[in-house]
Amino acid sequence: MRTSIGRLRRRWPRASGCSEAHDPYVAQPDRAQLVPDPAVDKQLFPPVGRPGVVLPDGVLTALWRGHKKGDALEVSVDWLGAPADITSEAIAIATFRDCTPARVV
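How each quantity is defined
Residues numbered from 1 in each chain as written. Predicted model: local features only at pLDDT ≥ 70, side-chain atom pairs only at ≥ 80, totals over all residues. Heavy atoms only, no water. Helix = DSSP H or I, 4+ residues; strand = E, 2+ residues; numbered from the N terminus. Buried < 20%, exposed > 50% of the residue type's maximum accessible area, 1.4 Å probe, protein only. Contact = heavy atoms within 4.5 Å. Phe/Tyr/Trp six-rings, centres within 6.5 Å; stacked < 30°, edge-to-face > 60°. Lys NZ or Arg CZ within 6 Å of the ring centre and 35° of its normal. Pairing = 2+ DSSP bridges. Salt bridge = Lys/Arg side-chain N within 4 Å of Asp/Glu carboxyl O.

**Q** Help me out: how do you make sense of the overall build of the chain in this one?
**A** If you tally the helices and strands in the chain, you get 4 helices and 5 strands. Sequence-ordered secondary structure for the chain, helices as α and strands as β, is α-β-α-α-β-β-β-α-β. Expressed as a percentage of its 105 residues, the buried residues of the chain come to 33%. For the chain, the proportion of contacts with a sequence separation of at least 24, taken over those separated by at least 6, is 48%.

Set out below in C-alpha cells:
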C-alpha cells in the first residue's frame, strides 16, 4: 500500500493542491475555518456548480473552473491570494477527464 501511495504522489505532486469541486477537505462542516470571507464562501458554495479549489498547504488560494473547448480543457482561475503555477495539475485533471492537455487562463 505504501508503495502505491508513493507512486501516486510522484506521478501527481500536490504542491499547489488543486482539488475538484466536491473534495472532502472542502466539504468539512466548519466552513469558516477554510473560508473566513463570506463573499468567497458564497462563490465556493453556490446552490449549483461548485468550482474547484487551489489549496497549497491547506490554505485556500484560488477557485477554478474547467470548461471543455473541443477536445481541450480550459481552466479559468480566480486567484484569491498569491498566484501559483498549476499547469501540471491542470494537465493531470485534463488527462483524468479524457481531454487533450489543458490551458490555464
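From this point, the narrative continues.
**Q** Quick question: what am I supposed to make of the packing of aromatic side chains here?
**A** In this description, a pair of aromatic rings is defined by centroid distance and the angle of the planes. If you walk through the whole model with that rule in mind, you get 0 aromatic pairs. A cation sits over an aromatic face here: R31 above F45, 3.7 Å from the ring centre.

**Q** Quick question: what am I supposed to make of the sheet that holds strand β3 (residues 62–69) here?
**A** Strands in a sheet are paired, the pairing made by backbone hydrogen bonds, and the direction either parallel or antiparallel. Strand order in the open sheet formed by 5 strands is β1-β2-β3-β4-β5, with mixed pairing between adjacent strands. Only two strands of the sheet have a single partner each, and these edge strands are β1 (18–19) and β5 (100–104). Bridging between strand β2 (residues 52–54) and β3 involves 3 bridges; their strand directions are antiparallel. Counted as the bridge partner of V54 is A62 from β3.

**Q** Would you mind showing me how to read the pattern of salt bridges here?
**A** Note that side chains of opposite charge can pair when their charged atoms are close. For the structure on display, the rule yields 2 salt bridges. A salt bridge links E20 to R97; the shortest N-O distance between them is 3.0 Å. One end of the pair, E20, is in the loop between β1 and α2 (31–34); the other, R97, is in the loop between α4 (87–96) and β5, and 77 residues separate them in sequence. Note that R103 and E74 form a salt bridge whose closest N and O atoms lie 2.5 Å from each other. Here R103, found in strand β5, pairs with E74, found in strand β4 (residues 72–79); they are 29 residues apart in sequence, far enough to count as distant.

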